Amino acid sequence: MEHETILILDFGGQYNQLIGRRVRDLNVYCEILPYRTPLDKIKARTYKGIIFTGGPKSVYAPGSPSYDPAIFDLGIPILGICYGAQFMAYALGGQVAPAAEREYGHSDLTITDTSDLIFKNVPKQTAGWMSHTDQITRVPAGFHITAATPTCPVGAMSCPERRLYGVQFHPEVNHTPEGNTMLRNFLYEVCGCSGDWQMSTFVENTVDRLRTELAGKKVLAAFSGGVDSSVASLMVHKAVGSQLTCIFVDHGLLRKNEGDEVMSVFAHSFNMNIIRVNARERFLSKLAGVTDPERKRKIIGEEFIRVFEEEARKIGKVDVLVQGTIYPDVIESGTDDAATIKSHHNVGGLPKNIEFKELVEPLRDLFKDEVRRAGTEMGIPDELVWRQPFPGPGLAVRILGDITADKIALLQDADAIFREEVAKAGLNREISQYFAVLTNLRSVGVMGDSRTYDYTVALRAVTTQDFMTSDWAKIPYEVLERVSSRIVNEVQHVNRVVYDITTKPPATIEWE
Ligand code: XMP
């Protein structure tokens with residue numbers, strides 16, 4: 001069945017997938033295509049509406065993203081966001097100019113045309129989250145101003161006759177309190193969508209598509225037991241059953257007892273064909289003496305694939321590799337137009353000479369909470385679906401500096417205590433991700449009557465919706481106190497525990 005579809009035309013901004021996720025949360029299916037997509041391809045589909053995303057450039061910069069203005073004559077409603085709105089204004093004969101200073105963050109937004117469809121049910125005084133240097137200074141013929149901020153006279157504009165709308169702020173981020181209402185208005189009031197898309201449909205469609213795509217092929221999955229890889233593997237398992245073999249590379253960098261738990265659930269309850277490879281020594285020797293975070297990630301990524309290739313050879317010809325890559329992995333490894341922040345091992349670290357013919361990544365467009373919803377749809381029990389995200393390189397990115405077997409054991413113990421106490425306090429659902437980090441820092445302490453010179457363990461706990469930004473969790477002091485006292489008492493060679501109180505940005509969630 002063909003769903004109502006919104007096209008998101010990607011001009012290279014950081015929040016583009018977030019727009020997609022908001023649209024899907026509003027039960028409308030969407031596709032995200034780069035701005036280089038030819039107009040004919042767009043014309044060939046029946047889109048209910050188009051959203052132009054933000055982007056980092058100025059419309060006047062050489063080589064800045066643009067699009068064939070004929071797109072405005074298709075009769076399809078268009079919403080331009082930030083750069084997308086500037087491009088709309090510029091392309092239709094309005095004017096864009098650099099603002100006196102860059103406007104970033106919260107801005108008071110006044111709706112100057114409360115009858116505008118985009119602002120239906122939005123209070124006249126609200127807020128918009130801004131991130132721009134240029135701004136629209138004159139709207140094109142046929143448009144009028146619909147909202148403004150104290151420093152941005154064209155906060156929003158519209159031409160209802162042609163169903164063209166532009167907003168200078170970002171309705172897709174949480175910091176724009178009425179942003180969701182505005183997006184809903186665009187989808188339902190302007191584009192006339194009815195909301196026919198749900199996660200259950202996504203799962204069904206993906207499983208159906210995989211069944212066709214993978215017919216007669218031997219499939220291998222990268223299985224780590226984490227939420228992403230287990231949801232991806234289970235989807236493929238549902239599509240092709242025993243054609244799928246999962247290889248669980250136990251690199252020895254998992255949390256305490258995790259490997260055994262994962263096997264008991266997925267191999268036994270779900271009856272999936274999982275081979276566990278104990279590759280701990282191999283990884284440890286490759287990582288010996290390596291301190292640079294990016295090199296650690298690259299080494300682990302490459303070794304992962306090597307182990308796979310060897311196992312794959314043992315089981316005969318393999319056609320397709322499944323990976324549980326999710327959207328934040330993709331965006332943070334740098335797309336064409338966004339900067340590289342970290343090379344997540346399952347994207348950036350993939351070696352060039354990979355021996356598999358095809359790569360299947362069924363979750364590539366989903367955010368973490370959508371992956372969980374997909375997992376629930378497929379019947380994965382809550383305690384698994386709600387497991388915390390765990391990075392592919394595992395504890396390697398939580399041990400600063402070089403990695404040794406002793407440091408891994410120490411961190412596993414400290415981390416297990418932290419997780420146990422958080423769960424006991426009933427905070428495990430509220431906190432999105434929490435773990436211990438072994439800083440490479442040693443400091444002086446006193447134990448009994450003696451001086452100690454031991455490690456500092458950092459506790460990291462964050463709340464977030466999408467893992468692109470996060471806040472630190474306000475864990476009650478009593479819980480922190482218990483965790484700290486248990487760690488220094490029960491884990492040898494730790495004499496100090498600190499709590500990380502940094503948001504993302506500027507920090508990231510993991511320490512490496
Ligand atoms: P950062 O540290 O980039 O983390 O703020 C955002 C989310 O991604 C997870 N993460 C990874 N996941 N492979 C993964 O599959 C990786 O290499 C990786 N590095 C970070 C991190 O745990 C957090 O949930």
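In this text, all values refer to a predicted model and were calculated from it rather than measured experimentally.

Draft legend 1. Examining the overall build of the protein chain more closely. Within the protein chain, the secondary structure is distributed over 14 helices and 18 strands. Against the globule reference of 24 Å for 512 residues, the protein chain gives a C-alpha radius of gyration of 25 Å, in line with a compact fold. Per-residue burial for the protein chain yields a buried fraction of 57% across its 512 residues. The long-range fraction of contacts in the protein chain, counting pairs at least 24 apart against all pairs at least 6 apart in sequence, stands at 74%. Roughly 21,400 Å² of accessible area belongs to the protein chain as shown, and the carbon and sulfur atoms make up 50% of that amount. Computed over 56 positive and 66 negative side-chain charges, the separation of the two mean positions in the protein chain equals 3 Å.

Draft legend 2. Fine view of the pairing of strand 3 (residues 49-52). Residue alternation in strand 3 divides its side chains into two sets, G49 and I51 and I50 and F52, and both sets are buried. Sheet topology places strand 1 (residues 5-10) next to strand 3; four bridges connect them, and they run parallel. From the neighbouring strand, I8 faces strand 3, where its bridge partner is I51. In terms of strand pairing, strand 3 meets strand 4 (residues 78-81) through three bridges, oriented parallel. Looking at strand 4, one finds that I51 is bridged to L79.

Draft legend 3. Representation of the domain arrangement of the protein chain. We note that the domain assignment places domain 1 (5-190), domain 2 (199-385) and domain 3 (404-499) within the protein chain. Taking only C-alpha atoms, the centre of domain 1 and the centre of domain 3 are 43 Å apart.

Draft legend 4. Layout of the packing of helix 5 (residues 199-213) against helix 11 (residues 368-377). At a minimum axis distance of 9 Å, the contact between helix 5 and helix 11 shows a crossing angle of 75 degrees. The orientation of helix 5 relative to helix 11 falls into the category roughly perpendicular. Residue-level contacts link M199, S200 and V203 of helix 5 to E370, R373, A374 and E377 of helix 11. Its residues assigned to classes, the contact of helix 5 with helix 11 comprises three nonpolar, one polar and three charged.

Draft legend 5. Local environment of helix 11. Every buried residue of helix 11 is listed here: K368, E370, V371, R372, A374 and G375. Each element contacted by the buried residues of helix 11 is listed here: helix 1 (16-25), helix 5, helix 6 (227-240) and helix 12 (382-385). G379 lies just past helix 11 and shows a positive phi near 90 degrees.

Draft legend 6. Representation of the nonpolar core within the structure. Counting residues in each nonpolar core, the largest one holds 89 residues, and the members touching the most others are M235, I274, V457, I475 and I487. Element by element, the count of residues in this core is highest for helix 6, at eight residues. Summarising the domain contributions, this core has at least three residues from each of domain 2 (199-385) and domain 3 (404-499). Grouped together as the second largest cluster of nonpolar side chains are 30 residues, V23, I81, F119 and L187 included.

Draft legend 7. Fine view of the sheet that holds strand 10 (residues 219-223). Taken together, the five strands give an open sheet; going across it, the order is 12-11-10-13-14, and neighbouring strands pair in parallel fashion. Since the sheet does not close on itself, it has two edges, and those belong to strand 12 (274-278) and strand 14 (358-360), each with one partner. Going from strand to strand, the sheet's axes swing by 25 degrees on average, the running direction of each strand aside. With five bridges joining them, strand 10 and strand 11 (residues 244-250) adopt parallel strand pairing. Of the residues in strand 11, the one forming a bridge with F223 is F248. Its contacts with the sheet place helix 9 (residues 293-314) against strand 10, strand 11, strand 12 and strand 13 (320-322), and it is angled at close to 135 degrees to strand 11.

About the thresholds
Residues numbered from 1 in each chain as written. Predicted model: local features only at pLDDT ≥ 70, side-chain atom pairs only at ≥ 80, totals over all residues. Heavy atoms only, no water. Helix = DSSP H or I, 4+ residues; strand = E, 2+ residues; numbered from the N terminus. Rg over C-alpha atoms; globule rule 2.2 N^0.38 Å. Buried < 20%, exposed > 50% of the residue type's maximum accessible area, 1.4 Å probe, protein only. Contact = heavy atoms within 4.5 Å. Areas by Shrake-Rupley, 256 points an atom, 1.4 Å probe, with all protein chains shown as cover. Lys, Arg positive; Asp, Glu negative; His and termini not counted. Charge placed at Lys NZ, Arg CZ, Asp CG, Glu CD. Pairing = 2+ DSSP bridges. Domains from an automatic or database assignment. Axes fitted to C-alpha atoms, helices over the stretch in contact; angles between N-to-C directions. Parallel < 35°, antiparallel > 145°, perpendicular 65-115°, else oblique. Nonpolar A, V, L, I, M, F, W, Y, C, P; charged D, E, K, R; others polar. Core = buried A, V, L, I, M, F, W, Y, C linked by side-chain atoms within 4.5 Å.

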